[in-house]
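Observations on the three-dimensional arrangement
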Amino acid sequence: TQSTRPQRMLAAVHNNATRGDPRSVVKAIDQFCRQKEWAMNIGDEKGCILDSVVSEVNPAMVLELGTYCGYSTVRIASQLPPHAKIITLEFNPQNAAVARQIIAWAGLGEKIKLIEGSSGDWIPKLKEQFGVDTFDLVFLDHWKDRYLPDTKLMEECGLLRKGSILLADNVICPGTPEYLEYIRNSPRYKSQYFKSHLEYTRVEDGLEKSIFLG
Ligand SMILES: O=C(NC/C=C/[C@H]1O[C@@H](n2ccc(=O)cc2)[C@H](O)[C@@H]1O)c1cc([N+](=O)[O-])cc(O)c1O
Ligand SMILES: [Mg+2]
């Protein structure tokens, strides 16, 4: 039977990355996407911006919306301080199954809690189900029309504190116009745009970093 692109990406990780070495996992996926098949990972160029934000925030608790195959999950988790955790939400069971194996291959299973389901269902449950207080960093990379409703939901559920950072992928391509309009005009956020390119292409894209002011 025909394999899927995430399954072929997983095979590339098994064949080319060293078990327990997150950087080699990231490199193997980027190589696969450049040489074999494009895939919607944040990629190496925007990934460096993600890395710099993670190291600057040095978060104890991270929320990722949209695991996909786990590329950014591995990138973030490999930079977390000891005892820090990332909760990542993935809606598609097939993607989740591949992500779990890529995360395991990177040796980061202890730092990552992958939850299968939708952000709209799970964001209101994170406090009671996982004892979460607030998130220091939220990485938004799931369905682009969910960025705004989920940001409002996180505010309502008290998951953001003064100083919490939101980092959003694809604010130019495919684009998240409603989210950008809200976050750039809201007095409750201070935003900054990091110009870059759509993963593995020369098309413009960028990340929006926003600080919640409380
Ligand atoms: O569409 C894009 N991303 C949507 C991501 C969706 C992922 O988030 C999960 N999810 C998890 C939880 C949910 O509640 C909903 C979905 C979905 O199951 C999927 O795994 C995209 C597209 C391009 N592009 O060039 O076309 C480039 C990018 O960087 C992108 O991120
Ligand atoms: Mg993206």
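This text gives an overview of the structure that appears in the document.

Calculation rules
Residues numbered from 1 in each chain as written. Chains lettered and ligands numbered in written order. Predicted model: local features only at pLDDT ≥ 70, side-chain atom pairs only at ≥ 80, totals over all residues. Heavy atoms only, no water. Near = heavy atom within 4 Å. Polar contact = N/O pair within 3.5 Å; in protein donor to acceptor, adjacent residues only side chain to side chain. Areas by Shrake-Rupley, 256 points an atom, 1.4 Å probe, with all protein chains shown as cover. Core = buried A, V, L, I, M, F, W, Y, C linked by side-chain atoms within 4.5 Å. Buried < 20%, exposed > 50% of the residue type's maximum accessible area, 1.4 Å probe, protein only. Helix = DSSP H or I, 4+ residues; strand = E, 2+ residues; numbered from the N terminus. Contact = heavy atoms within 4.5 Å. Phe/Tyr/Trp six-rings, centres within 6.5 Å; stacked < 30°, edge-to-face > 60°. Lys NZ or Arg CZ within 6 Å of the ring centre and 35° of its normal. Salt bridge = Lys/Arg side-chain N within 4 Å of Asp/Glu carboxyl O.

1. Focus: the site of ligand 1
The environment of ligand 1 is made up of 21 residues, and the closest members are E90, S119, K144, N170 and E199. The separation between an oxygen atom of ligand 1 and a polar side-chain atom of N95 is 3.1 Å. Within the side chain of E199, one N or O atom sits 2.5 Å away from an oxygen atom of ligand 1. For ligand 1, whose unbound accessible area comes to 650 Å², protein coverage reaches 86%.

2. So, the nonpolar core
If you look at soluble globular proteins, the nonpolar side chains tend to sit buried side by side. Core analysis: the largest hydrophobic core is formed by 44 residues, its most contacted members being M9, V25, I29, V74, I76, I102 and L137. Elements supplying a minimum of two residues to this core: α1 (5-16), α2 (22-35), α3 (43-57), α4 (71-77), α5 (93-106), β3 (112-116), β4 (135-140) and β5 (160-168). Ranked by residue count, the leading element in this core is α5, at seven residues. Excluding its chain neighbours within four sequence positions, the residues that come into contact with I102 are L10, V13, V25, I29, C69 and V74. M154, L166, Y182 and Y189 belong to the second-largest nonpolar core, a separate cluster that totals 28 residues.

3. Here we look at the packing of aromatic side chains
The geometry of an aromatic ring pair comes down to the distance between the two centres and the angle between the two planes. In this structure the tally under the stated criterion is five aromatic pairs. Their ring planes at 85 degrees and their centres at 5.6 Å tell us that Y147 and Y179 sit as a pair that is edge-to-face. Remark: Y179 occurs in helix α10 (residues 177-185) and Y147 occurs in helix α8 (residues 147-156); sequence separation between them is 32 residues. Looking at Y179, the relative accessible area reads 1%, which means it is buried. Taken together, the ring pairs in this structure connect Y182, Y189 and F212 into an aromatic cluster. When the ring centre of W122 is taken as origin, the NZ or CZ atom of K125, which lies over that ring, is 4.5 Å away.

4. Details of the pattern of salt bridges
All told, the structure shown has 17 salt bridges when counted by the stated rule. The residue E37 makes a salt bridge to R5 at a minimum N-O spacing of 3.0 Å. With E37 in the loop between α2 and α3 and R5 in helix α1, this residue pair connects regions lying 32 residues apart in the sequence. Assessed through its relative accessible area of 17%, E37 is described here as buried. Its salt-bridge partner being R75, residue D51 comes within 2.8 Å of it at the nearest N-O pair. With D51 in helix α3 and R75 in helix α4, the pair connects residues that are 24 residues apart, well separated along the chain. By the burial criterion, D51 is buried, and R75 matches it. Each of the salt bridges in this network shares a partner with another, and the network as a whole consists of K46, D169, E199 and D205.

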